Amino acid sequence: MQTSRFAPLVPVLAVLGAVTSLAIGTSYAKQLFPLIGAQGTSALRVGFSALFLLLLWRPWRWHTSRMDAAAILRYGLTLGVMNLLFYMAIRTIPFGIAVAIEFTGPLAVAMWSSRRVVDFVWVGCTVVGLLLLLPLGGAQALDPVGVLYALGAAACWGMYIVFGKRASHLHAGHTVSLGLAAAALVVVPIGVAHAGSLLLDPKILLAGALVAVVSSAIPMSLEMMALKRLPKETFGILISMEPAVAALWAMLLLHEQLTHLQWLAIGFTVLASVGSTLTARRSRPVVLPVDG
């Protein structure tokens, strides 16, 4: 009886666990930046994630047509650039703020084709959140280059959703494993060029593998489990908490303190994401979790 009573909470806790795991993994990854840079850290994270998923799903078992291969390649290359830009962003701006800026990408995709009045409310919330975060007129102390990297990651996240939908008819393991392999083709050479032989240090390799597990393997597994048990709207609302969760863990683990205005900006972003999810038409894409 107790199992059935608490069963509805399991997928909710799975989503919260996924968001928390991603935040902890990224916070830990940021501590590797002084050793191998954001480029080297991103290379280890994406490279190990691709290796783990290739071994898990063995995508060579499925036939891949030329058209599907092209769709997966676009999806994967966008995913790789998104991860790299996000790590470059959090070198100089707080983790939670970078996530909030990055969330504007999928929000733009979700609301692009809509002309309903209520959607302009969520657009307004997104714009207000951005205006509070962007270093305009010296109001904020954010690094402009870091903000540009985060905006680039947001654009890539939007394209990642579009390209991902074009490959959505394939098995999820097939698409994600080959997509991450394509992402590694972008990120790993850049990381090697930046960090060189430091990436072969056993301790750094172990740390990179840990980052890949905590930032990718665990969140993706928990999200897949939750998606099977939760309505997409509920899943989208829970994922919308990611900017706030990221900011909280960054405060605890990285001692990144945000101003009241920055917390307010994150709140506007979360409100826009939750509102967009609640009022979305069934045919519109749900805001998906980032593998960033």
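Let me begin by describing the structure that accompanies this report. No experiment lies behind these values; they were computed from the predicted model shown.

Two side chains that carry opposite charge are able to pair once their charged atoms sit near each other. Under the defined criterion, the tally for this structure stands at 1 salt bridge. With a shortest N-O distance of 2.5 Å, E256 and K30 are connected by a salt bridge. Here the residue E256 occupies a position in the loop between α12 (242–253) and α13 (260–279), and K30 occupies one in helix α2 (residues 9–30), the gap between them amounting to 226 residues. Judged on exposure class, the residue E256 and its partner K30 are both buried.

A contiguous nonpolar surface patch, about 360 Å² in accessible area, is contributed by F120, V123, V127 and L131. Using a relative accessible area of 41% as the deciding quantity, one classes V127 as partly exposed.

Tracing the chain through its elements places S42 in helix α3 (residues 33–57). A relative accessible area of 1% means that S42 is categorised as buried. Once residues within four sequence positions are removed from consideration, S42 is found in contact with G47, N83, L84, Y87 and V187.

Okay, the packing of helix α4 (residues 66–89) against helix α9 (residues 172–195) next. For the pair α4 and α9, the least separation of the axes is 7 Å and the interaxial angle reads 50 degrees. Considering the angle they form, α4 stands oblique to α9. Seen from above, α4 lies across α9 with right-handed handedness. Facing α4, whose interface residues are I72, L73, Y75, G76, L77, L79, G80, V81 and L84, α9 presents H174, T175, V176, L178, G179, L180, A182, A183, V186, V187 and I190. Here the residues of the contact of α4 with α9 are counted per class, giving 15 nonpolar, 5 polar and no charged.

As a further point, take the packing of α2 against helix α11 (residues 232–239). Where α2 contacts α11, the axes come no closer than 10 Å and their chain directions differ by 35 degrees. The two elements α2 and α11 cross, and the hand of that crossing is right-handed. Counting all contacts with α2, which are made through V12, V15 and V19, the residues of α11 involved are F235, L238 and I239. Considering only residue class, the contact of α2 with α11 consists of 6 nonpolar, no polar and no charged.

Conventions adopted
- Residues numbered from 1 in each chain as written.
- Predicted model: local features only at pLDDT ≥ 70, side-chain atom pairs only at ≥ 80, totals over all residues.
- Heavy atoms only, no water.
- Salt bridge = Lys/Arg side-chain N within 4 Å of Asp/Glu carboxyl O.
- Helix = DSSP H or I, 4+ residues; strand = E, 2+ residues; numbered from the N terminus.
- Buried < 20%, exposed > 50% of the residue type's maximum accessible area, 1.4 Å probe, protein only.
- Patch = residues over 30% accessible without salt bridge, like charges linked within 9 Å, V, L, I, M, F, W, Y side chains within 5 Å.
- Areas by Shrake-Rupley, 256 points an atom, 1.4 Å probe, with all protein chains shown as cover.
- Contact = heavy atoms within 4.5 Å.
- Axes fitted to C-alpha atoms, helices over the stretch in contact; angles between N-to-C directions.
- Parallel < 35°, antiparallel > 145°, perpendicular 65-115°, else oblique.
- Left-handed = near helix turned anticlockwise from the far one by under 90°.
- Nonpolar A, V, L, I, M, F, W, Y, C, P; charged D, E, K, R; others polar.

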